[in-house]
Amino acid sequence: MYDPIHGINGEQRNIYIRDGFITTKPATSVRIDRNYDLNDMIIMAGAIDIHTHIGGGKVNIARMMLPEDHRGDPVARTAITRSGSGYTAPSTFATGYRYAEMGYTTCIEPAMLPANARHAHMEMADIPIIDKGAYALLGNDDFFLRMLASGKDRSLICDYVSWIINATKAIGIKVVNPGGISAFKFNQRKLDLDETNSHYGVTPRQILITLARAVRELGIPHPLHVHGCNLGVPGNLLTTLDTIRAAEGLPMHLAHIQFHSYGTEGDRKFSSGSAHIAEAVNANSNISIDVGQILFGQTVTASGDTMLQYAGHRHAHPNKWVIMDIECDAGCGVVPFKYRDKSFVNALQWTIGLELFLLVNDPWRIFLTTDHPNGAPFTSYPHLIRLLMDRSFRNDMLSTIHKQAAAVSILGSLDREYSLYEIAIMTRAAPARSLGLQNRGHLGAGAAADITVYKNLKNREAMFAKPVYVFKDGELVARNGKIIKVINGSTHILKPEYDKGIEKTLKNYFDKYHTMKLDHFKINDDEIVAHGNGNIIVQSCM
Amino acid sequence: MNSAKHPDKIHKEVPCPFCCLLCDDLVIQNRAGILKVRENGCSRAIAHYEQVQPEIQPTIKGKVVTLKDAILHISNILKSSQHPLFSGLGTDVGGLRSTLQLADKTGAIVDHMHSTGLTRNMLVLQDLGWMMTTLTEIKNHADLIVFAGTDAVSGYPRFFERFIWNKNALFNKNTGGRKVFYIGENLDTRPGISPDGQQPVTVQCKHEDIGEFIAILHATLAGDKVNLENLSGKRLKELKLLAYHLTNARYGVLVWAPGEMDFPHAELTIQALCEMVKFINRSTRFGCLSLGGNDGGVSAVNVSTWQSGYPLRVNFNNGYPEYDPSRFSTDNVLKNNEADALVWISSFDTNTRPPKADIPVILLATPATEPDFTPDVFIPVCTPGVDHAGYLFRTDSVVSLPLKQVRVSGYPSVKHILDCVSGLI
Ligand code: SF4
Ligand SMILES: [Zn+2]
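Note that this is a predicted model, so its numbers are computed, not measured. The numbering scheme is per chain: residues are counted from 1 as the chain's sequence reads. Labels follow written order: the first chain is A, the first ligand is 1, and so on. The model is predicted, so local features are restricted to residues of pLDDT at least 70 and side-chain atom pairs to those at 80 or more, both for listing and for counting; the totals for chains, interfaces and linings are taken over all residues. The side-chain numbers reported here are obtained from all heavy atoms of the structure, hydrogens and water having been left aside.

Colleague: Could you give an account of the overall build of chain A, naming the residues involved and the relevant values?
Modeller: Helix numbering and strand numbering both begin at the N terminus, where a helix is a DSSP run of H or I of at least 4 residues and a strand a DSSP run of E of at least 2. A tally of helices and strands in chain A yields 20 helices and 26 strands. When we talk radius of gyration, it's over C-alpha atoms, and the globule rule is simply 2.2 Å times the number of residues to the 0.38. Relative to the globule expectation of 24 Å for 542 residues, the C-alpha radius of gyration of chain A, 22 Å, shows essentially globular dimensions. Along the first, second and third principal axes, the C-alpha set of chain A runs to 65 × 55 × 45 Å. Three exposure classes are used, based on accessible area relative to the maximum for each residue type with a 1.4 Å probe and protein chains only: buried under 20%, partly exposed in between, and exposed over 50%. For chain A, buried positions account for 68% of its 542 residues.

So this is what it looks like as structure tokens:
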């Protein structure tokens with residue numbers, strides 16, 4: 001058993017499940033209905049993905065625009081499962097089945113636009129088995145930027161942030177290119193950390209610190225989830241280092257940091273910033289990251305960052321792309337992309353992600369993601385885990401990529417191999433703790449019985465691709481990588497407190513400027529349950 | 001069949017399901033089951049809300065039966081069908097979910113009554129993509145609006161009132177000074193006159209010629225050599241005027257309605273519009289808006305996409321979804337005898353007509369619907385947003401609104417019927 005929250009590192013133990021939860025050893029008089037012999041197997045809690053674009057407007061645009069992606073990957077209906085399709089942007093049912101088949105039991109949609117929140121929840125209602133949650137996007141919405149620009153009181157800003165979490169049924173706050181999505185609507189094409197949004201006169205730095213403070217003051221467990229400025233721009237490692245300083249010691253999560261770790265050295269003016277970034281992450285315990293590893297092949301990038309998705313449209317493959325300005329709230333950009341191992345830049349991106357995994361010391365502060373589907377579809381996680389756990393496999397792969405990229409990378413010199421315990425931390429214990437999911441990510445009494453059991457194979461890719469058993473809420477839902485039972489997961493939300501007075505201001509604002517009424521913008525608990533995705537779990541604020 | 005229990009009540013902030021603008025400020029009075037639009041409804045909303053519902057029963061081949069028998073008969077037809085077709089699809093998100101579940105189960109083809117227009121858009125999206133915007137963005141930011149092949153108001157009556165001549169705006173402090181252009185023919189351009197009398201500019205042009213005009217405009221903007229000799233002096237002036245305003249807009253918007261571009265390969269015209277807007281965005285900001293997808297059309301595209309991966313015209317016959325935007329259109333499926341049973345769903349508009357077909361036809365439609373043939377089964381259904389709560393997507397495909405119940409109906413919902421049928425199969 002690997003249960004890092006309880007410090008259990010590969011010990012042999014019994015687990016008892018009762019009514020969907022893990023429980024202590026029952027009295028001898030209690031009849032045990034069923035026994036699973038897990039000798040010689042590896043047992044972990046169900047895995048948790050803290051950053052995966054699984055539901056909402058931009059994912060659906062990605063699906064709509066890529067019939068060619070789906071034709072190659074049809075999912076047939078069975079007696080218990082629905083049909084579907086899609087490799088890089090799978091349909092909702094396929095998303096739920098594939099995650100569950102890999103032993104994942106909770107997934108968080110990282111970019112829920114408040115204006116599109118109802119849609120995101122409706123889609124996630126059709127993602128079966130796994131638990132879901134979402135971060136609400138703020139920091140490019142007119143209401144917030146207006147408050148910030150006019151120097152509104154901190155408590156008012158907190159009320160607004162809290163109101164958004166309540167109204168959109170979110171579990172955290174994300175900011176994407178702070179102020180930059182808005183700036184693009186005013187025809188600004190780039191926005192550095194200390195550059196001002198021309199309309200509001202505020203900087204990304206101000207936005208970041210204001211939101212990070214609000215998140216902390218509201219007691220939201222997950223730190224402000226940041227997709228920083230200058231994504232994908234060579235030289236952005238300096239922006240990222242500045243962003244870490246801009247946090248001023250407050251908790252901050254830097255998403256898909258691989259895309260923010262680029263230098264400008266070398267003939268091609270593109271180099272790895274992994275050493276600097278890892279050093280800064282190691283030195284600043286308030287910072288957590290997820291990697292956003294890229295893996296080679298066709299995928300589609302879907303992001304709220306219209307400014308940089310627009311800039312990146314020239315690399316669209318196939319050549320089609322969508323940019324959308326949304327509701328004075330945010331935006332979205334969808335650009336299909338093919339990562340090639342024989343491209344210098346793509347090969348280096350691959351090494352940069354892996355370098356970051358290996359150079360950041362504390363597995364409690366680094367999470368395994370591909371920023372699905374931006375770096376690669378989530379189904380490539382088992383392959384990625386093997387790259388982390390198996391140095392000779394990694395070096396074999398390194399020898400197949402673009403020669404010069406391999407030559408300039410320090411990857412070959414990094415000996416570190418992740419242990420099963422570290423994998424259990426970064427894919428279970430740490431995400432649960434970071435999200436504030438009280439009864440997920442561990443195997444102690446009281447935890448939901450979300451349990452994944454693997455065969456201890458030397459080939460870690462094969463091992464993590466098809467767990468022997470996956471239990472969700474105590475039900476055996478997958479066996480040897482195949483769904484055998486379909487249930488509905490829950491939606492995790494927060495209900496931080498706020499002064500209801502803010503609704504007066506908001507109602508007036510909605511009546512004047514929006515195109516829907518405030519009451520219709522808000523999502524009720526009942527709606528989420530009525531959509532059919534099981535129940536709501538309200539996690540507590542700190 | 002109508003229930004006698006009607007609360008007498010004024011309902012405020014009612015979202016209207018009768019076009020894809022989903023105005024949500026209507027005030028509806030319910031007096032003994034008779035609805036009256038008290039505030040904010042357009043003529044279309046009034047016509048629908050205030051229509052008196054006939055009291056009719058489910059029928060099998062014209063003979064009155066119980067709801068239970070009608071449902072049983074539907075399930076029998078579908079059980080013996082090899083290739084059913086579910087079309088019309090005029091229902092809300094809940095009804096669409098149930099439709100897709102049953103379609104998956106029975107190996108059906110799925111299409112929507114307005115998909116001819118919606119598919120034109122999808123072909124553009126799947127070929128080169130686009131740059132879009134949404135209603136709140138337009139209301140607050142736009143300083144130039146170009147309508148190509150549509151006047152908006154004929155299909156979407158409150159468009160100007162709500163999004164163009166609105167008094168309050170966040171960024172554009174002079175909404176009355178918005179420049180309005182029309183390109184097309186037979187358009188009602190009167191709503192384009194600003195509150196203080198500023199006339200819109202209309203480029204008279206057959207709809208099938210819009211694409212060519214846009215291609216010349218795009219080339220002019222790009223500074224390419226264009227042969228303008230064939231253009232009349234008037235056309236040349238319009239071209240230059242439009243080019244000037246497109247370049248100098250701070251936030252321009254281009255609006256089309258795919259359902260109103262009814263000529264062969266209209267998707268190429270839409271694509272020309274989208275490519276021009278992409279080009280303009282190299283120097284200033286501009287976004288597109290598509291108006292279309294009434295009767296749950298936008299919702300159908302979205303639900304079908306997230307559940308199957310494809311935006312309608314999906315065939316589940318092989319056990320997994322297959323997409324062919326031409327072959328699996330309702331017209332082609334019926335013409336090519338690819339279906340042996342048709343389920344036609346239309347729970348909003350009473351004026352929609354199910355297509356005639358030489359196969360068993362199951363009609364789930366509003367009670368006032370008058371098909372010009374006798375369907376095998378007809379179950380009158382209630383309307384989402386009038387008789388029961390639900391959800392619909394708006395024309396911009398971003399915002400979805402919660403529909404309210406303002407009347408108690410004795411008619412079943414589409415979702416209820418399909419879930420019962422599903423349970424029997
Ligand atoms: S414009 Fe459309 S949504 Fe608005 S009231 Fe009229 S029919 Fe209803
Ligand atoms: Zn992301």
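Colleague: Provide a residue-level description of the sheet that holds strand β2 (residues 26–31) of chain B, including the pertinent values.
Modeller: Residue and element names in this part refer to chain B. A sheet is described by the order of its strands in space; here three strands give the open sequence β1-β2-β3, paired in antiparallel fashion. In this open sheet, the two strands that pair with only one neighbour each are β1 (9–14) and β3 (34–39). With strand direction ignored, the average angle separating the axes of adjacent strands in the sheet is 25 degrees. Strand pairing is defined by DSSP finding a minimum of two bridges between the two strands. By the bridge criterion, five bridges tie β2 to β3 in an arrangement that is antiparallel. Across the sheet, residue R31 finds its bridge partner in β3, namely I34. Fitted lines through C-alpha atoms serve as axes, helices being fitted only where they are in contact, and the angles separating the N-to-C directions of these axes extend from 0 to 180 degrees.

Colleague: Quick one: what's the story with the coordination of the zinc ion (ligand 2), residue by residue and with numbers?
Modeller: All names here are of chain A. Listed as protein donors to the zinc ion (ligand 2) are H51 (NE2), H53 (NE2) and D371 (OD); their distances from the metal cover 2.1 Å. All donors of the zinc ion (ligand 2) come from a single chain, and their spacing in sequence reads H-x1-H-x317-D. Using a relative accessible area of 2% as the deciding quantity, one classes H53 as buried. Counted as donors are the N, O and S atoms within 2.8 Å of the metal, or 3.2 Å for Na, K and Ca, while water is not among the atoms, so some sites may look incomplete.

Colleague: Let's hear about the packing of helix α6 (residues 154–168) of chain A against helix α18 (residues 502–513) of chain A: which residues, and what values?
Modeller: Residues and elements named next belong to chain A. Viewed as axis vectors pointing N to C, α6 and α18 meet at an angle of 70 degrees, and their least axial separation amounts to 10 Å. Relative to α18, α6 is oriented roughly perpendicular. Residues L156, D159, Y160 and W163 of α6 lie in contact with α18, whose contacting residues are I502, E503, L506 and F510. Our angle categories are set so that under 35 degrees counts as roughly parallel, over 145 as roughly antiparallel, 65 to 115 as roughly perpendicular, and the remainder as oblique. Throughout, a residue-residue contact means that at least one pair of heavy atoms, one from each residue, lies within 4.5 Å.

Colleague: Explain the site of ligand 1 to me, and be specific about the residues and the numbers.
Modeller: If you check the shell around ligand 1, you find B:C16, B:F18, B:C19, B:L21, B:L22, B:C23, B:C42, B:R44, B:A45, B:P157 and B:R158 and nothing else. Residues are sorted three ways: Asp, Glu, Lys and Arg are charged, Ala, Val, Leu, Ile, Met, Phe, Trp, Tyr, Cys and Pro are nonpolar, and all the rest, Gly among them, are polar. In terms of residue class, the shell around ligand 1 is built from nine nonpolar, no polar and two charged. Note on definitions. A residue lies near a molecule or strand when any single heavy atom of the residue is within 4 Å of it.

Colleague: For a nonpolar patch on the surface, give the residues involved together with the corresponding values.
Modeller: Patch membership requires more than 30% relative accessible area and the absence of a salt bridge. Residues of like charge join within 9 Å; the nonpolar side chains Val, Leu, Ile, Met, Phe, Trp and Tyr join within 5 Å. Working definition of accessibility: Shrake-Rupley area with a 1.4 Å probe, residue cover restricted to the visible protein chains. Salt bridges are defined as contacts in which a side-chain nitrogen from Lys or Arg sits within 4 Å of a carboxyl oxygen from Asp or Glu. Side chains of B:L72, B:L424 and B:I425 sit close together on the surface and give an oily, nonpolar patch of about 220 Å² of accessible area. In this structure, B:L424 sits in helix α12 (residues 414–424).

Colleague: Account for the pattern of salt bridges, with residues named and values stated.
Modeller: A pair can form between side chains of opposite charge whenever their charged atoms are brought close. If you walk through the whole model with that rule in mind, you get 52 salt bridges over all chains. The closest approach of N and O atoms between A:D511 and A:K517, which form a salt bridge, is 3.2 Å. Given the relative accessible area of 35%, A:D511 is considered partly exposed. You can call A:K517 buried: its relative accessible area is 15%. Across the salt bridge formed by B:D262 and B:R120, the nearest N and O atoms sit 3.0 Å from each other. Remark: B:R120 occurs in helix α4 (residues 115–127) and B:D262 occurs in the loop between β12 (251–256) and α9 (266–280); sequence separation between them is 142 residues. Using a relative accessible area of 7% as the deciding quantity, one classes B:R120 as buried. Overlapping salt bridges bring together A:D131, A:R440, A:D450, A:K472 and A:D473 as one network.

Colleague: An account of the interface of chain B and chain A is needed here, citing residue identities and associated values.
Modeller: The partner chain A presents 61 residues to the 65 residues of chain B that form the contact. In total, chain B and chain A occlude about 5500 Å² of area from one another, counting both sides; carbon and sulfur atoms represent 54% of this. A 1.4 Å probe defines the accessible area here, and the buried area is the portion of it lost by two parts on being joined, summed over both. Broken down residue by residue, the surface that chain B buries against chain A is led by B:L170, B:R285 and B:W306, which jointly contribute 13%. Summed over the shared surface of chain B and chain A, the number is seven salt bridges. One salt bridge in this structure joins A:R77 and B:D104, with 3.4 Å as the shortest N-O distance. Polar contact is the term for a pair of N or O atoms within 3.5 Å; when the atoms are in protein, one must be able to donate a hydrogen and the other to accept it, and sequence-neighboring residues count only if both atoms are side-chain atoms. At the junction of chain B with chain A, the criterion picks out 52 residue pairs in polar contact (both at pLDDT 80 or more). Mapped by element, the contributors of at least two residues to the side of chain B that touches chain A are α3 (93–106), α4, β8 (129–132), α5 (135–141), α6 (159–164), α10 (297–308), β19 (390–393) and β20 (400–403) of chain B. Each residue belonging to the side of chain B that touches chain A can be placed in one class, and the counts come to 29 nonpolar, 20 polar and 16 charged. Of the pairings in the sheet, the one linking strand β18 (residues 321–326) of chain A to β8(B) comprises four bridges and is parallel in character. Paired with A:W321 across the strands is B:G129, a residue of β8(B).

Colleague: I'd like a rundown of the confidence of the model for chain B, residues and numbers included.
Modeller: A score between 0 and 100, pLDDT records how confident the predictor is in each residue. In the predicted model, chain B carries a mean pLDDT of 96, and the fraction of residues at 70 or more is 98%. Taken over the whole predicted complex, pTM reads 0.97, whereas the ipTM for its chain interfaces reads 0.97.

Colleague: Requested: an account of the sheet that holds strand β14 (residues 314–315) of chain B, with residues and values cited.
Modeller: Residue and element names in this part refer to chain B. Spatial ordering of the open sheet is given by β5-β4-β18-β17-β16-β6-β7-β14-β15, a layout of nine strands whose pairing is mixed. With partners counted over all chains shown, the strands left at the sheet margins are β5 (63–64) and β15 (322–323), one partner each. For strand β6 (residues 84–90) and strand β16 (residues 341–346), the ladder comprises five bridges, and the chain directions are parallel. Within β16, the residue paired with L85 across the bridge is L342. Packing against the sheet, α3 makes contact with β6, β7 (109–110) and β16, and its axis sits at approximately 175 degrees to β6.

Colleague: Hey, could you go over the packing of helix α5 (residues 142–149) of chain A against helix α8 (residues 204–217) of chain A for me, with residue numbers and the actual values?
Modeller: Helices that pack against each other are described as a pair by the angle of their axes relative to one another and the distance between those axes. All names here are of chain A. Contact geometry of α5 with α8 gives a least axis separation of 11 Å together with a crossing angle of 100 degrees. As summarised for this structure, α5 and α8 are arranged roughly perpendicular, according to the angle between their axes. Judged by residue contacts, F144, L145 and L148 of α5 engage Q206, I207, T210 and L211 from α8. Taken together, the residues that form the contact of α5 with α8 break down as five nonpolar, two polar and no charged.

Colleague: Now, about the domain arrangement of chain B: what can you tell me, with residues and values included?
Modeller: Residue and element names in this part refer to chain B. Just so you know, the domain bounds were taken from an automatic or database domain assignment. You can read the domains of chain B as domain 1 (3–45), domain 2 (56–114 + 295–424) and domain 3 (119–290). Using C-alpha coordinates to define each centre, domain 1 is positioned 24 Å away from domain 2. Between domain 1 and domain 2, a total of about 1500 Å² is buried, with carbon and sulfur atoms accounting for 69% of that surface. Contact with domain 2 buries area across many residues of domain 1, yet P15, P17 and L22 alone supply 34% of it, more than any other trio. At the surface where domain 1 touches domain 2, the tally comes to zero salt bridges. Here domain 1 and domain 2 share four residue pairs in polar contact (both at pLDDT 80 or more) between them. Elements that contribute at least two residues to the side of domain 1 that touches domain 2 include exactly β1 and β2. A total of four residues in the side of domain 1 that touches domain 2 trace back to one element, the largest contributor, which is β1.

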